[in-house]
Each structure stands twice: as structure tokens, then as C-alpha cells.
Amino acid sequence: STPSAVIVHYFESNIKTKIVAEAKSIPKGVNVRSTISYRPSSVVTAPFSKQIRELLLRELKLNFRDPQKIMAKAANAIVMALLVGAMYFHVDQEYVPPFAYIALAITSMSAMVSLPSFYADRLMLNLERNDRLYTTLPYYIVNSGVGLLVSIVANAVFGTIVWGMVGIGWEYYSKFFLIIFIIFFATDGLIV
């Protein structure tokens with residue numbers, strides 16, 4: 001018998017049966033990509049509230065340790081508010097619709113700022129999830145919640161500075177503020 005025949009015989013008798021057995025243990029309807037990290041016994045032992053608490057504490061520590069992400073959002077809001085405010089400084093009534101469009105477009109685009117953090121943290125998420133430290137839902141809730149809070153504050157700063165520079169009148173500010181947040185939440189819901 002040749003060496004290749006021995007290898008084929010060994011594969012047929014030992015390895016092939018294990019592969020077929022593992023393939024049969026994967027539930028029906030699971031796509032191939034899901035099978036890469038599929039573990040039938042992967043059960044997270046920590047309660048959902050503890051997963052949320054630990055992830056929230058870690059996210060807050062990371063933000064305080066490296067405040068560049070928060071500072072970048074704040075600086076972006078201030079610079080964009082000053083630019084838009086300078087373009088529409090004490091705007092005439094006929095230019096209010098273009099101002100509103102620009103302000104709402106910038107607010108909706110600010111929802112995309114938190115998107116890169118999900119991609120940057122993806123490797124860590126997959127490693128920790130495979131080690132059964134937490135599931136995807138608590139991670140998503142915590143990261144989205146912290147990012148949403150920072151974005152709300154940044155949008156409030158943007159809206160207040162822009163509105164003050166445009167000079168339309170503070171009696172309409174609450175409606176403008178409400179529309180900014182509705183647009184932001186709608187866009188944030190579509191992106192993340």
C-alpha cells in the first residue's frame with residue numbers, strides 16, 4: 001500500500017467521521033459564517049444585569065482614561081456650530097429653510113460618529129463573547145447607550161451655539177431642539 005493510500009484510509013476512518021458528526025450537530029438554518037464561532041455549550045453564566053454593570057463600568061473607565069473620543073465629538077460639535085453659525089449669522093427670513101436643512105443634515109450625520117468604535121472593538125467583542133464573558137446584547141446596549149449620551153450632549157452644544165448665532169429668536173428654540181433630536185434618533189437607529 002502506498003503512503004497516500006494510508007493517509008486516505010486514516011482520513012476516511014478517523015477524521016471524516018468526526019467532521020460529519022460535528023456538521024450534524026449544527027442546527028438547521030444556520031449559515032456557514034455562524035458556524036465558525038458556534039459552540040453548543042456556550043452559555044454565559046453571569047446574569048444579564050451583571051453583564052450590563054461590568055460592561056458599563058469598563059466603558060466609563062475607558063472613556064475617562066482615554067477621553068479623546070469624547071473630546072473629538074465635543075470639538076466637532078463646536079467647530080461645526082461655529083461654521084454654520086458664521087455662514088448664517090443673523091440670517092434673513094428667506095434663508096431660514098437652507099439653514100434648517102444644513103443644521104438637520106449635520107445633526108443626522110453626527111450619528112455616524114459612533115460607528116467606527118463598533119468596528120474597532122469587534123475583535124475584543126468576539127474574543128470575550130467566545131470566552132462566554134457576556135453576550136452581544138449587553139455589549140450593544142452599553143456601547144450604544146454611552147455613545148448616545150455623548151452624542152446627545154454634543155448635539156445640544158451644536159444646537160445651542162448655532163441657534164444663538166443665527167438669531168432667529170429663542171421662542172422657537174425648543175421646537176428646533178426637538179426636531180434635531182428626532183432626526184438624530186432616527187438616523188442613529190438606522191445606522192447602528
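Scope of this entry: the structure provided in the associated data block.

The rules we used
Residues numbered from 1 in each chain as written. Predicted model: local features only at pLDDT ≥ 70, side-chain atom pairs only at ≥ 80, totals over all residues. Heavy atoms only, no water. Salt bridge = Lys/Arg side-chain N within 4 Å of Asp/Glu carboxyl O. Helix = DSSP H or I, 4+ residues; strand = E, 2+ residues; numbered from the N terminus. Buried < 20%, exposed > 50% of the residue type's maximum accessible area, 1.4 Å probe, protein only. Phe/Tyr/Trp six-rings, centres within 6.5 Å; stacked < 30°, edge-to-face > 60°. Polar contact = N/O pair within 3.5 Å; in protein donor to acceptor, adjacent residues only side chain to side chain.

Evaluation of the coordinates by the stated rule reveals 1 salt bridge. The closest approach of N and O atoms between Glu128 and Arg58, which form a salt bridge, is 2.8 Å. Here Arg58 lies in helix H3 (residues 48-65) and Glu128 lies in helix H7 (residues 122-130), a separation of 70 residues in the sequence. Glu128 gets classed as buried once you look at its relative accessible area, which sits at 12%. A residue is classified by how much of its surface remains accessible, and Arg58, at 29% relative accessible area, is partly exposed.

Applying the stated rule across the entire model yields 11 aromatic pairs. Residues Phe99 and Phe176 carry aromatic rings whose centres are separated by 5.9 Å and whose planes lie at 25° to one another, so their mutual orientation is stacked. Pair noted here: Phe99 is in helix H5 (residues 96-109) and Phe176 is in helix H9 (residues 173-191), with a separation of 77 residues, a long-range link. Neither Phe99 nor Phe176 differs from the other in exposure class; each is buried. Put simply, the rings of Tyr88, Phe99, Trp163, Trp170, Tyr173, Phe176, Phe177, Phe181, Phe184 and Phe185 pair up and form one aromatic cluster.

This part is about the side chain of Thr107. Topologically, Thr107 is positioned in helix H5. Note on Thr107: relative accessible area 0%, which makes it buried. At 2.8 Å, the side chain of Thr107 and the backbone oxygen of Ala103 are in polar contact.

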